Each structure stands twice: as structure tokens, then as C-alpha cells.
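# Overview (structure and organization)
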Amino acid sequence: MIRTGIGLDTHRFEAGRPLILGGVRIEHDRGLAGHSDADVLTHAVIDALLGAAGEGDIGEHFPDSDPRYAGVDSIELLRTVVARLAERGAQIVNVDATVIMERPKLGAHKRALRASLASALRIGEPAVNVKATTGEGMGFVGRGEGVAALAVATLEMGSGAHA
Ligand SMILES: [Zn+2]
């Protein structure tokens, strides 16, 4: 049985924080605000996986009211979700994601983001795709106020998995 999930996340830019996307630190004069490391791309991927598995959303699994997740490395949260899916007999077929951000340009970093996510997802890089686009100067992304990320994940549920 094949199942698909979608994830969407947004975070505000904030001075004095590192910019982390897909577990990769990107040089920029600002980072993203959040309870965790605010890795907007990894959060979208987590929600896509949880969605495909019918397992709710990231906030239910890792509530931002929980001090355990203050400043947490979101790639570790992703690894936790991947392990949980594996326990349920779910195999990740592919993940596709788009980062919507005005600056910095992501072109030079896309391969590193893909490699980082593929490692955490425990699948080959060809099964992970990271795209980048801008807000064309419109809205909160276009004004450089924040970043949005979208992700889609496809799972193949094993015979041992409950639907
Ligand atoms: Zn988030």
C-alpha cells in the first residue's frame, strides 16, 4: 500500500541565530526563530512523513512547550520519526521538498541539503529532492521576513503495518 503525506512549515527570521536548513548550517546574517533549531525544511519533511503514516503532526510528537525540545537539532527529531516508521514496517519511497526563501540563494547548497536529509531518512540521495524558489518580492517571504518550506513524502506500508 502506497501512502502520501504533505508538510508545510514557516519560521520568522531573527538576528543572532544560525540559519539551519535540512540540518545544514547556511551562512547568512540572520537565522530563523523557533523553540527548536527552527529548521523549517526538516520540520516540513517530518510533517510529510507523519502525514503519510497517519501519525498526526510534529507538534503532537515534539510539543514546543516541552523544554526537552528547546534548541533541539531537528535532524534528531527526523531520525526519531524515521525509526518509528521503520518499526511500523513503513518504507520511505521518496521525499520531495521546496524551500521558499528570498535570500540567501540556495542553489549552491541544494546538494548538501539533499545529502543531509537522505542520510537522516536512511534512503539514497536520488530518492530525495530539494528545490528552491522565492516569493518574487511578494508577501512575508518576499519581504525577507521569513522562510516557508513544503514537502511531500511517499511511503510504502509493509504487510505488518496497521492502516
Ligand atoms: Zn517548524
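Report follows, based on the coordinates. (Residues numbered from 1 in each chain as written. Predicted model: local features only at pLDDT ≥ 70, side-chain atom pairs only at ≥ 80, totals over all residues. Heavy atoms only, no water.)

## Description of the sheet that holds strand β4 (residues 30-32)
Which entries qualify depends on this criterion: A pair of strands counts as paired when DSSP detects no fewer than two bridges linking them. Helix and strand assignments follow DSSP, with helices taken as H or I runs no shorter than four residues and strands as E runs no shorter than two, numbered in order from the N terminus. Simply put, an axis is a line fit to the C-alpha atoms, just over the touching stretch for a helix, and the angle between two N-to-C directions goes from 0 to 180 degrees. What makes two residues a contact is simply this: any of their non-hydrogen atoms within 4.5 Å.
Strand order in the open sheet formed by five strands is β4-β1-β7-β5-β6, and the pairing between neighbours is mixed. In this open sheet, the two edge strands, each paired with only one partner strand, are β4 and β6 (128-133). Strand-to-strand twist across the sheet, computed as the mean angle between neighbouring axes with direction ignored, equals 25°. Note: strand β5 (residues 90-100) against β6, six bridges, orientation parallel. Note that in β6 the partner of I100 across the bridge is T133. Packing of helix α4 (residues 110-121) onto the sheet brings it into contact with β5 and β6, and relative to β6 it is tilted by some 140°.

## Some remarks on the environment of S36
The test is simple: Polar contacts, as used here, are pairs of N or O atoms within 3.5 Å; protein pairs need one atom able to donate a hydrogen and one able to accept it. Residues neighboring in sequence count only if both atoms are side-chain atoms.
Take S36: it is sitting in the loop between β4 and α1 (40-53). Considering only alpha carbons, one finds S36 and G71, 35 residues apart in sequence, at a separation of 4.0 Å. Not counting residues up to four positions away in its chain, the partners in contact with S36 are R17, H43, Y69, G71, V72 and S74. Of the polar contacts made by the side chain of S36, one reaches the side chain of H43; its length is 3.3 Å.

## Describing the coordination of the zinc ion
Quick reminder of the rule: For Na, K and Ca the donor cutoff is 3.2 Å, while for all other metals N, O and S atoms must lie within 2.8 Å; water is not among the atoms, so some sites may look incomplete. Burial here depends on accessible area, computed with a 1.4 Å probe over protein chains only, as a share of the maximum for the residue type. Under 20% is buried, over 50% is exposed, and the range in between is partly exposed.
Within the protein, the atoms that donate to the zinc ion are D9 (OD), H11 (NE2) and H43 (ND1), at distances of 2.0 to 2.1 Å. As a motif over one chain, the donors of the zinc ion read D-x1-H-x31-H. One end of the pair, D9, is in strand β1 (residues 2-15); the other, H43, is in helix α1, and 34 residues separate them in sequence. Each member of the pair, D9 as well as H43, carries the same accessibility label: buried.

## Overview of the pairing of β5
Heads up, the condition is: The handedness rule is simple: strands pointing away from the viewer, and a clockwise path from the first strand over the helix to the second, make the crossover right-handed.
Note that β5 and strand β7 (residues 146-157) share 10 bridges and pair antiparallel. Across the sheet, residue D96 finds its bridge partner in β7, namely V152. The handedness of the β5 to β6 crossover, carried by α4, is right-handed.

## Focus: the nonpolar core
Worth spelling out the cut-off: Put simply, buried Ala, Val, Leu, Ile, Met, Phe, Trp, Tyr and Cys residues joined by side-chain atoms within 4.5 Å make one nonpolar core.
Counting residues in each nonpolar core, the largest one holds 49 residues, and the members touching the most others are L21, L49, L78 and L121. At the level of secondary structure, the elements contributing two or more residues to this core comprise β2 (19-21), β3 (24-26), α1, α3 (74-87), β5, α4, β6 and β7. Broken down by element, this core gets its largest block of residues, 10 residues, from α1. Apart from the residues lying within four places of it in its own chain, the contact partners of L49 are L78, V81, V82, L85, I92, V95, L121, A153 and L155.

## A few points about unusual backbone geometry
The residue after R103, namely P104, is reached through a cis peptide bond having omega -5°. Checked against the element boundaries, P104 lands in the loop between β5 and α4. Unlike most non-glycine residues, A38 shows phi in positive territory, near 65°. Considering the arrangement of structural elements, one finds A38 in the loop between β4 and α1. Exposure remark for A38: the relative accessible area of 0% places this residue in the buried category. One non-glycine residue, E136, adopts positive backbone phi at about 55°. Along the polypeptide, E136 turns up in the loop between β6 and α5 (139-142).

Any functional reading would require information beyond the geometric quantities listed.
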